[in-house]
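Each chain, written out:
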Amino acid sequence: MNLNAPVVFVVDDEAAARESVGALVESHGYRAACFDSAEDFLAKFDRDAHGCLITDHRMLGASGMEMIRALNAEGGRLPVILITAYASVPMAVQAMELGAVTVLEKPCRDQELWQSIERALKLDAEVYTSRIRAAEVRRCVASLLDEELEVLRRIVRGQQNKAIAHELGIGLRTVEARRHAVFNKLQAESLAELLRKVIEAKVLQEEQEVGPRLAEGT
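## Quick notes on the packing of aromatic side chains
- Tallied over the entire structure, the rule returns six aromatic pairs.
- For the pair Phe-9 and Phe-41, a centre-to-centre distance of 5.7 Å together with 65° between the ring planes defines the contact as edge-to-face. Residue Phe-9 is found in strand S1 (residues 7-11), and its partner Phe-41 is found in helix H2 (residues 38-44); the two are separated by 32 residues along the sequence. Residue Phe-9 shares its accessibility class with Phe-41, and that shared class is buried.
- Among the aromatic residues, those joined into a ring-pair cluster are Phe-9, Phe-35, Phe-41 and Phe-45.

## Regarding the pattern of salt bridges
- Summed over the entire model, instances satisfying the criterion amount to nine salt bridges.
- The salt bridge involving Lys-106 is made with Asp-56; its shortest N-O contact spans 3.0 Å. With Lys-106 in the loop between strand S5 (100-105) and helix H5 (110-142) and Asp-56 in strand S3 (residues 51-56), this pair connects stretches of sequence that are 50 residues apart.
- A salt bridge links Lys-185 to Glu-148, with the nearest nitrogen and oxygen atoms 2.9 Å apart. With Lys-185 in helix H8 (residues 172-185) and Glu-148 in helix H6 (residues 146-157), the pair connects residues that are 37 residues apart, well separated along the chain.
- Exposure remark for Lys-185: the relative accessible area of 28% places this residue in the partly exposed category.
- Relative accessible area serves as the criterion here: at 8%, Glu-148 is assigned to the buried category.
- Three or more residues are tied together by salt bridges with common partners; here these are Glu-150, Arg-154, Arg-157 and Glu-167.

## Focus: helix H7 (residues 161-168)
- For H7, the complete set of buried residues consists of Asn-161, Ile-164 and Ala-165. Axial view of H7: buried residues confined to an arc of 100°, hence all on one face. Facing away from the buried side of H7 by more than 90 degrees, the exposed set consists of Lys-162 and His-166.
- In this fold, the buried residues of H7 make contact with H6 and H8.

## What about the pairing of S3?
- The buried count for S3 comes to six of six residues, which makes it a mostly enclosed element.
- For S1 and S3, the ladder comprises five bridges, and the chain directions are parallel. Residue pairing for S3: Val-10 is matched across the bridge by Ile-54.
- Two elements, S3 and strand S4 (residues 80-84), share four bridges in a ladder whose sense is parallel.

Conventions adopted
- Residues numbered from 1 in each chain as written.
- Predicted model: local features only at pLDDT ≥ 70, side-chain atom pairs only at ≥ 80, totals over all residues.
- Heavy atoms only, no water.
- Phe/Tyr/Trp six-rings, centres within 6.5 Å; stacked < 30°, edge-to-face > 60°.
- Helix = DSSP H or I, 4+ residues; strand = E, 2+ residues; numbered from the N terminus.
- Buried < 20%, exposed > 50% of the residue type's maximum accessible area, 1.4 Å probe, protein only.
- Salt bridge = Lys/Arg side-chain N within 4 Å of Asp/Glu carboxyl O.
- Arc of directions from axis to C-beta.
- Contact = heavy atoms within 4.5 Å.
- Pairing = 2+ DSSP bridges.

What follows is the structure, encoded as structure tokens:
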């Protein structure tokens, strides 16, 4: 089993509904993990897992909406599909504000549900890929020597090599060598690429007032 493969989490207090959605998901080659309550899901859910969440709104115990709030409070990133037999515009708006990808009205057709699942999984894949890239950048930044990190901080501030050399009291060639090492370790071929990586990975945030503008104009 591929532990990094997306999982479609299904939360519904009706066994028949859980089994139906689970069978639909598995018929398309994805793994489904089913839960009979929001409480059970929140207790067992692996926060590092990715995929999407399908939940009924009205359930015994916590509602689907309450579960989304709890998941958000814990830093959950799963795209959510909310299914309800009591849809209303205010409820749909509230669900979307909480991050739901879509709200479907019961009973929904398999094709409609699967199209929503595909959209949710595509969104998850984009977020998951971004998280992986950011983690790799953070690993690369952590591998920098202290003196290389100091140069990176000043590059992100928008300082030129001569200004960096003057501020650190070192030679220009030393700055150039450290700058070269920074670009190599972060696998960046241009200043714009370097800045985008640092910004997207949310490292050295205190240095980034100038950096984003330079990235746009480089």
